[in-house]
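Architecture at a glance
Each chain is listed here by its residues.
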Amino acid sequence: MQWDTSEHDWLEGRGEKLYLIAMIDDATSELTARFVAHDSTQENLRLLRCYVEQHGRPLSVYTDKASLFQIAPRAIHHRDAPEQQLTQIGRALQELNIEWIPAHSPQAKGRIERAFQTAQDRLVKGLRQVGAQGAETANQYLEQVYLPLWNRRFRRQPQLAGDAHRPLLPGTNLDSVLSICESRVISQDHTVRWQGVIYRVERQHITAAMRGARVLLERRLDGSTWMRWRHRTLALDACEVRPALPIQPAPQPAAKPMRSEREKALAKQRKLEARRRWDAIFSRLPNRPIWQVMRDSSPPTRGLR
């Protein structure tokens, strides 16, 4: 299967920008395609699921070297670097036992490129006639009119009779395989954090060995989040976010009233009188240090040499 995405003004300015993701059988030229709003990993996985459910598993897929299919390898010493560093689509293909073949040039996958050139002429005209203004109406025309017309006109019999597609293996969960997976560590409170959201493990699934264990989280195409741990797949629920308490402003100290000059003089006089009273009381206390007694009883020596 040759697999690629075409970026073109499919609606001729009548609506949002669309991308056409397509897969074409290299042996028969049978075309499978759908319009999407973004050329993302999730949309490509949805097309792969649609194809596998209709036809089965192909032997191999032939794509370009886009970041959806190939990533720059991490350093060997990185703690999360696996033995085989794959993208999300690459991991899904490996789990389905589908070989990935990279193309070194656009001419190498000429069959899908020529299919896009034809679509950019005939499909655009058909969308114009039906007045398609969004992905929903564009996909209706694509599935009901254009793809049947293409397959009747250009589909050929393979050179070798028979179907090379393989059925899914027993026990294969496409929801789990065709998902976004990331490695995380379970916290001491049996929660995991992913993309700014905290998920908790249900109480009935908690075991003693979960704390600190490295697990694989799944973000499935339906939006649900699951966890793979020890050959088990457990559903996760997002923890409720408590509303933040309103921040009370710190109380400001009351402003001291301004005193007049007379009040300031009276306060200074009261302070001096209190100090004189304290010195008088202290001088009458018994058992004072000898140096204080000598200082208080000795005559003044100011001016003597």
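Refer to the structure printed above.
Everything in this summary refers to the structure shown in the same document. (Residues numbered from 1 in each chain as written. Predicted model: local features only at pLDDT ≥ 70, side-chain atom pairs only at ≥ 80, totals over all residues. Heavy atoms only, no water.)

Observations regarding the packing of aromatic side chains
The tally for this structure, following the rule as stated, stands at four aromatic pairs. Pairing Trp 3 with Phe 69 gives two aromatic rings, centres 5.2 Å apart and planes at 75 degrees, and the pair type is edge-to-face. Separated by 66 residues along the polypeptide, Trp 3 in strand 1 (residues 2-7) and Phe 69 in the loop between strand 4 (60-63) and helix 2 (88-95) bring together distant segments of the chain. For the residue pair Trp 3 and Phe 69, the accessibility class agrees, reading buried in each case. Note on Trp 10 and Phe 35: the rings are 5.6 Å apart at their centroids and 70 degrees apart in plane angle, and the pair reads as edge-to-face. (Phe/Tyr/Trp six-rings, centres within 6.5 Å; stacked < 30°, edge-to-face > 60°. Helix = DSSP H or I, 4+ residues; strand = E, 2+ residues; numbered from the N terminus. Buried < 20%, exposed > 50% of the residue type's maximum accessible area, 1.4 Å probe, protein only.)

Observations regarding the pairing of strand 9 (residues 214-220)
With seven bridges joining them, strand 6 (residues 179-185) and strand 9 adopt antiparallel strand pairing. Across the sheet, the residue bridging to Val 185 is Arg 214, located in strand 9. Two elements, strand 9 and strand 10 (residues 225-229), share four bridges in a ladder whose sense is antiparallel. Counted as the bridge partner of Arg 219 is Thr 225 from strand 10. Connecting the antiparallel pair strand 9 and strand 10 is a turn made up of four residues, with Gly 223 showing a positive phi of about 95 degrees. (Pairing = 2+ DSSP bridges.)

Description of the packing of helix 1 (residues 41-55) against helix 2
Two elements in contact, helix 1 and helix 2, have axes separated by 10 Å at closest approach and are oriented at 25 degrees. Classified by the angle between their axes, helix 1 and helix 2 sit roughly parallel to one another. Classified by chirality, the crossing of helix 2 by helix 1 is right-handed. Every residue of helix 2 that contacts helix 1 at Thr 41, Asn 44, Leu 45 and Leu 48 is listed here: Gln 88, Ile 89, Ala 92 and Leu 93. Partitioned by chemical class, the residues of the contact of helix 1 with helix 2 number five nonpolar, three polar and no charged. (Axes fitted to C-alpha atoms, helices over the stretch in contact; angles between N-to-C directions. Parallel < 35°, antiparallel > 145°, perpendicular 65-115°, else oblique. Left-handed = near helix turned anticlockwise from the far one by under 90°. Contact = heavy atoms within 4.5 Å. Nonpolar A, V, L, I, M, F, W, Y, C, P; charged D, E, K, R; others polar.)

Brief notes about the sheet that holds strand 6
Read from one edge to the other, the open sheet built from six strands follows the order 6-9-10-11-8-7, with strand pairing classed as antiparallel. The sheet terminates laterally at strand 6 and strand 7 (191-194), the two strands that pair on one side only. Neighbour-to-neighbour, the strand axes of the sheet open up by a mean angle of 35 degrees, direction not taken into account. Looking at chain direction, strand 10 and strand 11 (residues 232-238) are connected through four bridges and run antiparallel. Note on strand 11: the bridge partner recorded for Trp 229 is Arg 232. Strands strand 6 and strand 10 of the sheet are contacted by helix 2, whose axis makes an angle of about 100 degrees with strand 6.

Remarks on the pattern of salt bridges
Pairing between side chains of opposite charge can happen when the charged atoms of each approach one another. By the definition in use, this model includes 16 salt bridges. The residue Glu 12 makes a salt bridge to Arg 14 at a minimum N-O spacing of 3.1 Å. Assessed through its relative accessible area of 33%, Glu 12 is described here as partly exposed. Residues Lys 109 and Glu 113 are paired through a salt bridge, measuring 2.6 Å at the closest nitrogen-oxygen approach. (Salt bridge = Lys/Arg side-chain N within 4 Å of Asp/Glu carboxyl O.)

Some remarks on helix 1
For an α-helix, 3.6 residues make a turn, and residues three or four places apart therefore share a direction. Compared with the 21 Å implied by 1.5 Å per residue over 15 residues, the 21 Å span of helix 1 between its first and last C-alpha is a close match. Every buried residue belonging to helix 1 is among Thr 41, Glu 43, Asn 44, Leu 45, Leu 47, Leu 48, Tyr 51 and Val 52, and all of these are buried. Buried positions along helix 1 lie against strand 1, strand 2 (19-24), strand 3 (31-36), helix 2 and strand 6. Within two residues after helix 1, Gly 56 carries a phi angle of roughly 110 degrees, on the positive side. (Expected span 1.5 Å × (residues − 1).)

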